[in-house]
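Coordinates in review
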Amino acid sequence: MLDYFYRGNRYFMRTFRGGIHPPTFKHLTQNKPIKTASLPSRVIIPLSQHIGTPAEAVVQVGDKVKVGTKIGEAKGKISASVHSSISGEVKEIRNSAVIIESNGRDEKEFLNDVQEINDLSSEEIKEIIAEAGIVGLGGAAFPTAIKLSPPKSVDCFILNAAECEPYLTADHRLMLEKPEEIIKGMKLIMKALGVKKGYIGIEDNKEDAARRLSHFCPLGVEIKILKTKYPQGGERELIETVVHRKVPSGGLPYEVGVVVNNVATVFAVYEAVYLRKPLYERVITFSGDALHQAENLRVRIGTLIKDLLKECKGFKQEPEQVIIGGPMMGLAQESLEVPVIKGTGGVLFLKDARWAKRKSRLKRENPCLHCGRCVEACPVNLNPSLLSLAIEKKKWDVVKQLNIEDCIECGACEYICPAERRLVQMIREGKTSCKSQ
Ligand code: SF4
Ligand code: SF4
């Protein structure tokens, strides 16, 4: 069931306080079906692609591996296993990464032996998810099996289908092309959590996907159409919009009875449980005006970005900026000789985009105009202006009182700031300094 709320004689979409409306540029890829990238001849697979302790290598140079062979074992309480994404030979283990050369045969190690899914217990589902090395694919890369074992019980699950970052459409395409599988993954997660209530929070620029999902929604799962606004996909913002609960300052979603996972993660859970497939590939948006052809690509983890450019027919023009992730929260990248990893949702090649110009121009020393626009834009009710001034003056007590730890580093304040102050960088530095005080 699609959900709007009705007031007066108008339908309204749900949203949160603050936020911004950057141009989305989603038209570049939203109508492009997911294309499978050709097999790489070599992959570099880092053993740390998640929050927590890096996995420990369980292969040695010279070992033969197949697609899905475990090459790194989760270590410690918060960690995730890592698997080979191609078949071939381990050539090197360097800088905590396993380098594998392909034999071109794409032999699989895992068995597609679909067992009786309905008989699986909550614990068995979580074990399969842990064994498959699944982490949050929205960028956070927190191990999913641990997220599904919260320290106190929760009463609902929210599928984060907002995909609010400009340019990115990988989740949108997955929902259009694999709606039944995503709902099956969601049901598995709800069973693992022991909850009967599920929500799908999706922005109104993806109503086609919402309608596809609605055909497969079981009883107890509701679709909430949300206003397209950045950062609607932030966990706190999503929870506030969908179930009207406020995650306390410094708190986590489970404290208000909620667990949130994004679309790609839920799809990976489906594949792990139904196909016994470890997480060795994912869908990534390759976009930006410097590319000849923007695409949504299914890519093996560990493939170098430079090797994927041919799938997009190369550059129209040398990009001024390459960003891994979305333009708001992603990281600028100097080299194309880096691998895509589990948390990579997009790679952007920008020749003249606003972000490229702005990010190179931003200066922390520009004086604040006290216009208040950053305060209006901040989705977590912070005062980025005061925060940045206190950070500049190294008044760490004031910085702490201004709840710097609540900042989700969404970049909305920086995007809107007419003085072009480098607010996010200052806040990041402020957080580090506060910890060492
Ligand atoms: S202060 Fe943090 S949370 Fe608020 S808008 Fe800026 S980056 Fe986003
Ligand atoms: S938006 Fe920029 S100039 Fe305006 S109050 Fe915030 S930091 Fe100052």
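Residues numbered from 1 in each chain as written. Chains lettered and ligands numbered in written order. Predicted model: local features only at pLDDT ≥ 70, side-chain atom pairs only at ≥ 80, totals over all residues. Heavy atoms only, no water.

So, the overall build of the protein chain
Rules: To qualify as a helix, a DSSP run of H or I must reach at least 4 residues; to qualify as a strand, a run of E must reach at least 2; elements of each kind are numbered from the N terminus. Here the radius of gyration uses the C-alpha set of atoms, whereas the globule reference equals 2.2 Å times the residue count to the power 0.38. Only four residue types enter the tally: Lys and Arg on the positive side, Asp and Glu on the negative side; His and the chain ends are excluded. Every charge is mapped to an atom, namely NZ of Lys, CZ of Arg, CG of Asp or CD of Glu.
The secondary structure content of the protein chain amounts to 14 helices and 20 strands. For a compact globule of 437 residues, the expected C-alpha radius of gyration is about 22 Å, and the protein chain comes in at 22 Å, within 12% of that figure. By its C-alpha atoms, the protein chain is 60 × 50 × 45 Å across when sized along the principal axes. On the protein chain, the mean spot of the 64 positive side-chain charges and the mean spot of the 54 negative ones are 4 Å from each other.

A word on the sheet that holds strand β18 (residues 321-324)
Backbone-to-backbone hydrogen bonds join strands into a sheet, with any given pair of strands oriented parallel or antiparallel. The condition that has to hold: By definition, two strands form a pair when at least two bridges between them are found by DSSP. We call two residues contacting when some pair of their heavy atoms lies within 4.5 Å. A fitted line through C-alpha atoms serves as each axis, taken over the contacting stretch for helices, and the angle formed by two N-to-C directions is quoted from 0 to 180°.
Read across the sheet, 6 strands follow the order β4-β17-β16-β20-β18-β19 without closing on themselves; strand pairing throughout is mixed. Each edge of the open sheet carries a strand with a single partner, namely β4 (35-36) and β19 (331-333). Sheet analysis places strand β16 (residues 281-287) next to strand β17 (residues 295-300), joined by 6 bridges and oriented antiparallel. By the bridge assignment, T285 is partnered in β17 with N296. On top of the sheet, helix α3 (residues 170-177) reaches β16 and β17; it is set at about 125° to β16, its chief contact.

Considerations on helix α5 (residues 207-214)
Selection criterion: We call a residue buried when its accessible area falls under 20% of the maximum for its residue type, exposed when it is over 50%, and partly exposed in between, using a 1.4 Å probe and counting protein chains only. The reported arc concerns the directions from the helix axis to the C-beta atoms and nothing else.
For α5, every residue scored as buried is listed here: A209, A210 and L213. Buried residues of α5, viewed axially, fall in a sector of 105°; they line one side.

Regarding the sheet that holds strand β10 (residues 88-94)
A sheet is described by the order of its strands in space; here 4 strands give the open sequence β5-β11-β10-β7, paired in antiparallel fashion. What marks the edges here is a single partner per strand, and that holds for β5 (42-46) and β7 (64-65). With 5 bridges connecting them, β5 and strand β11 (residues 97-102) associate as antiparallel partners. Bridged to I45 within β11 is V98.

Considerations on the pairing of strand β15 (residues 258-262)
Counted residue by residue, β15 has 5 buried out of 5 residues, so it is predominantly covered. Across the two faces of β15 the burial is the same, with V258, V260 and N262 and V259 and N261 all buried. Relative to β15, strand β12 (residues 156-161) is paired through 5 bridges, and the arrangement is parallel. Paired with C156 across the bridge in β15 is V258.

Description of the nonpolar core
Defined as follows: The nonpolar core is taken to be a set of buried Ala, Val, Leu, Ile, Met, Phe, Trp, Tyr and Cys residues, with the residues joined through side-chain atoms within 4.5 Å.
By size, the foremost hydrophobic cluster in this structure holds 53 residues, and its most contacted members are F157, I182 and I200. Secondary-structure elements contributing two or more residues to this core are α1 (122-131), β12, α3, α4 (179-193), β13 (197-203), α5, β14 (221-226) and α7 (263-275). If we skip the residues at most four places from it in the chain, I200 touches L159, A161, I183, M186, L213, C217, V221, E222, I223 and K224. Residues F286, A290, V322 and V340 belong to the second largest nonpolar core, which totals 16 residues.

Looking at the pattern of salt bridges
In plain terms, the rule: Put simply, a salt bridge is a Lys or Arg side-chain nitrogen that is within 4 Å of an Asp or Glu carboxyl oxygen.
Following the criterion strictly, the structure yields 28 salt bridges and no others. A salt bridge links D406 to R236; the shortest N-O distance between them is 3.9 Å. Of this pair, D406 sits in the loop between α12 (396-401) and α13 (412-416) while R236 sits in helix α6 (residues 235-243), placing them 170 residues apart in sequence. Of the residues examined, D406 reaches a relative accessible area of 9% and is grouped as buried. Look at the salt bridges and you will find they share partners, linking D106, K108, E271, K277, E281 and R300 into a network.

Here we look at the site of ligand 1
The following threshold applies: We call a residue near a given molecule or strand whenever any one of its heavy atoms falls within 4 Å of it. Each residue is assigned to one of three groups, with Ala, Val, Leu, Ile, Met, Phe, Trp, Tyr, Cys and Pro labelled nonpolar, Asp, Glu, Lys and Arg labelled charged, and all others, Gly among them, labelled polar.
By nearness alone, every residue bordering ligand 1 is listed as C378, P379, V380, P384, C407, I408, E409, C410, G411, A412, C413 and I427. Its residues assigned to classes, the shell around ligand 1 shows 10 nonpolar, 1 polar and 1 charged.

Some points on unusual backbone geometry
The omega torsion of the bond from Y230 to P231 falls at -5°, within 30 degrees of zero and hence cis. Within the element layout of this structure, P231 appears in the loop between β14 and α6. One non-glycine residue, S96, lies in positive phi territory at about 60°. With respect to the secondary-structure elements, S96 resides in the loop between β10 and β11. Positioned with a positive phi, N381 is a non-glycine residue whose angle comes to about 60°.

Keep in mind these values describe shape, not function.
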